[in-house]
Amino acid sequence: MDEPVLIQPTASILSGSTKPVPALDISLGGTPRGLVVLICERGALNREGPGLMNRLAEHGYESLAVEAGSVDASDLDVLMARADDRNWIDEQIGLVGVGHGGSAVFEAAAQRELAAAVSISPAADGPGLLDFDDVVRTPWLGLFGDADPSVSADDRRALASRLAARSQIYTEVVSYPGVGRDFYRYGDDGPGYAAYYDSWQRTVEWLDARVAPRPTARARRWRRCRLETGIEQDRP
């Protein structure tokens, strides 16, 4: 069987608030489904980033990837500025984070109103994860391994309860039985593969249900025609 042809991300350096931020970009032709800002686990940008970005591209998503630890809360504006340079607006942008990147995505979901956010195996020592006492502004999905020793079942239940009580935005906490923190990596046994497969399926479905697609060229022409004929009033 032929090996799949992968898109090689473009490497760049973003000007962070306190230091340069290495980043990877994948831009797609035509009309992409949306943009995903991907925050990888510490030390995994070049090792795991391209594979995850290509999996997102399979579903029509452009991506901008950075690494947890290379960005802080103030650097979120830098990432959003890069998205703006590519003509993406907030409702067309999703966040996905893995490990400590998942914790960073959770923090970002409490700061900004974007389309969707997914934290895959977020690290328990991430900012505010287990003692969260705020509101979430972006619909957030948290995926956990049930055997992760750093996040107990009680921790997950308490987090879900606090989110439900404080936030008007929909959130969901999912636990996978029989797997630890690295369940998002391909597993050879039954529980491992099931968690690997289902977690990615849920991630894509969460994005698809909430990220507003960019209008196609035909849709833009149709709307322009309606405006010119007075059928539709222009919107800001």
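Rules used throughout
Residues numbered from 1 in each chain as written. Predicted model: local features only at pLDDT ≥ 70, side-chain atom pairs only at ≥ 80, totals over all residues. Heavy atoms only, no water. Core = buried A, V, L, I, M, F, W, Y, C linked by side-chain atoms within 4.5 Å. Buried < 20%, exposed > 50% of the residue type's maximum accessible area, 1.4 Å probe, protein only. Contact = heavy atoms within 4.5 Å. Salt bridge = Lys/Arg side-chain N within 4 Å of Asp/Glu carboxyl O. Helix = DSSP H or I, 4+ residues; strand = E, 2+ residues; numbered from the N terminus. Phe/Tyr/Trp six-rings, centres within 6.5 Å; stacked < 30°, edge-to-face > 60°. Lys NZ or Arg CZ within 6 Å of the ring centre and 35° of its normal. Patch = residues over 30% accessible without salt bridge, like charges linked within 9 Å, V, L, I, M, F, W, Y side chains within 5 Å. Areas by Shrake-Rupley, 256 points an atom, 1.4 Å probe, with all protein chains shown as cover. Lys, Arg positive; Asp, Glu negative; His and termini not counted. Charge placed at Lys NZ, Arg CZ, Asp CG, Glu CD. Polar contact = N/O pair within 3.5 Å; in protein donor to acceptor, adjacent residues only side chain to side chain. Pairing = 2+ DSSP bridges. Axes fitted to C-alpha atoms, helices over the stretch in contact; angles between N-to-C directions.

If you check an unreviewed UniProt entry, the chain appears there as Dienelactone hydrolase domain-containing protein from Nocardia cerradoensis.

Colleague: Describe the nonpolar core, and please don't skip the residues or the numbers.
Modeller: Counting 33 residues, the largest nonpolar core has Val-66, Phe-106, Trp-140 and Leu-159 as its most contacted members. Every residue in contact with Leu-159, bar those within four places of it in the chain, is listed here: Phe-106, Leu-129, Phe-132, Trp-140 and Phe-144. Listed in part, the 30 residues of the second largest apolar core include Leu-24, Met-53, Leu-143 and Val-174.

Colleague: Let's hear about the pattern of salt bridges: which residues, and what values?
Modeller: Taken as a whole and assessed by the stated rule, the structure comprises eleven salt bridges. Residue Glu-41 is joined to Arg-181 by a salt bridge in which the shortest nitrogen-to-oxygen separation is 3.5 Å. Here Glu-41 is found in the loop between β3 (34-40) and α1 (45-57), whereas its partner Arg-181 is found in the loop between β8 (171-176) and α5 (190-210), with 140 residues between them in sequence. Residue Asp-198 is joined to Arg-202 by a salt bridge in which the shortest nitrogen-to-oxygen separation is 2.6 Å. Placement of both Asp-198 and Arg-202 in helix α5 is noted, with a separation of four residues, approximately one turn of the helix. Put simply, Asp-25, Glu-62, Arg-82 and Arg-86 are held in one network by salt bridges that share partners.

Colleague: Now, about helix α3 (residues 100-109): what can you tell me, with residues and values included?
Modeller: Taken across its ten residues, α3 has eight buried, putting it largely inside the fold. Buried residues in α3 make contact with β3, α2 (76-85), β5 (93-98), β6 (116-120), β7 (140-145) and α4 (153-166).

Colleague: Quick one: what's the story with the packing of aromatic side chains, residue by residue and with numbers?
Modeller: For the structure shown, the criterion picks out nine aromatic pairs. On the numbers, 5.3 Å between centres and 45 degrees between planes, the contact of Tyr-176 with Phe-183 is tilted. With a relative accessible area of 7%, Tyr-176 lands in the buried category. Put simply, the rings of Tyr-186, Tyr-193, Tyr-196 and Tyr-197 pair up and form one aromatic cluster. Directly above the ring of Trp-200 sits Arg-55, whose terminal nitrogen or CZ lies 4.2 Å from the centroid. Between the NZ or CZ atom of Arg-210 and the centre of the ring of Trp-206, over which it lies, the distance is 3.7 Å.

Colleague: Before we move on, could you go through a negative patch on the surface and cite the residues and values that matter?
Modeller: A surface patch of negative charge is lined by Asp-84, Asp-85, Asp-90, Glu-91 and Glu-113. Assignment of secondary structure puts Asp-90 in the loop between α2 and β5. Residue Asp-90 is classed as partly exposed on the basis of its relative accessible area of 33%.

Colleague: I'd love a proper account of the side chain of Arg-86, names of residues and values included.
Modeller: Tracing the chain through its elements places Arg-86 in the loop between α2 and β5. Separated by 3.0 Å, the side chains of Arg-86 and Glu-62 make a polar contact. Not counting residues up to four positions away in its chain, the partners in contact with Arg-86 are Asp-25, Ile-26, Ser-27, Leu-35, Glu-62, Ser-63, Leu-64 and Arg-214.

Colleague: Just give me the short version of the sheet that holds β7, but keep the residues and values in it.
Modeller: In spatial order, the strands read β1-β2-β4-β3-β5-β6-β7-β8; together these eight strands make up an open sheet with mixed pairing. The sheet is open, and its two borders are formed by β1 (10-15) and β8, each paired with just one other strand. With strand direction ignored, the average angle separating the axes of adjacent strands in the sheet is 20 degrees. Two elements, strand β2 (residues 20-26) and strand β4 (residues 61-67), share three bridges in a ladder whose sense is antiparallel. Across the sheet, Ile-26 pairs through a bridge with Ser-63, a residue of β4. Relative to the sheet, α4 contacts β7 and β8, its axis offset from that of β7 by approximately 175 degrees. In the packing of α5 onto the sheet, the strands contacted are β3, β4, β5, β6, β7 and β8, and the crossing angle to β8 comes to about 170 degrees.

Colleague: Run through the side chain of Arg-55, naming residues and quoting values.
Modeller: On the secondary structure map, Arg-55 appears in helix α1. Contacts of Arg-55, omitting those with residues within four sequence positions, involve Tyr-196 and Trp-200.

Colleague: So what's going on with the environment of Asp-125? Residues and values would help.
Modeller: Locating Asp-125 in the fold gives a position in the loop between β6 and β7. Overall, Asp-125 belongs to the exposed group, its relative accessible area being 58%. Once the C-alpha coordinates of Asp-125 and Val-151 are considered, the two residues, 26 residues apart in sequence, prove to be 9.5 Å apart.

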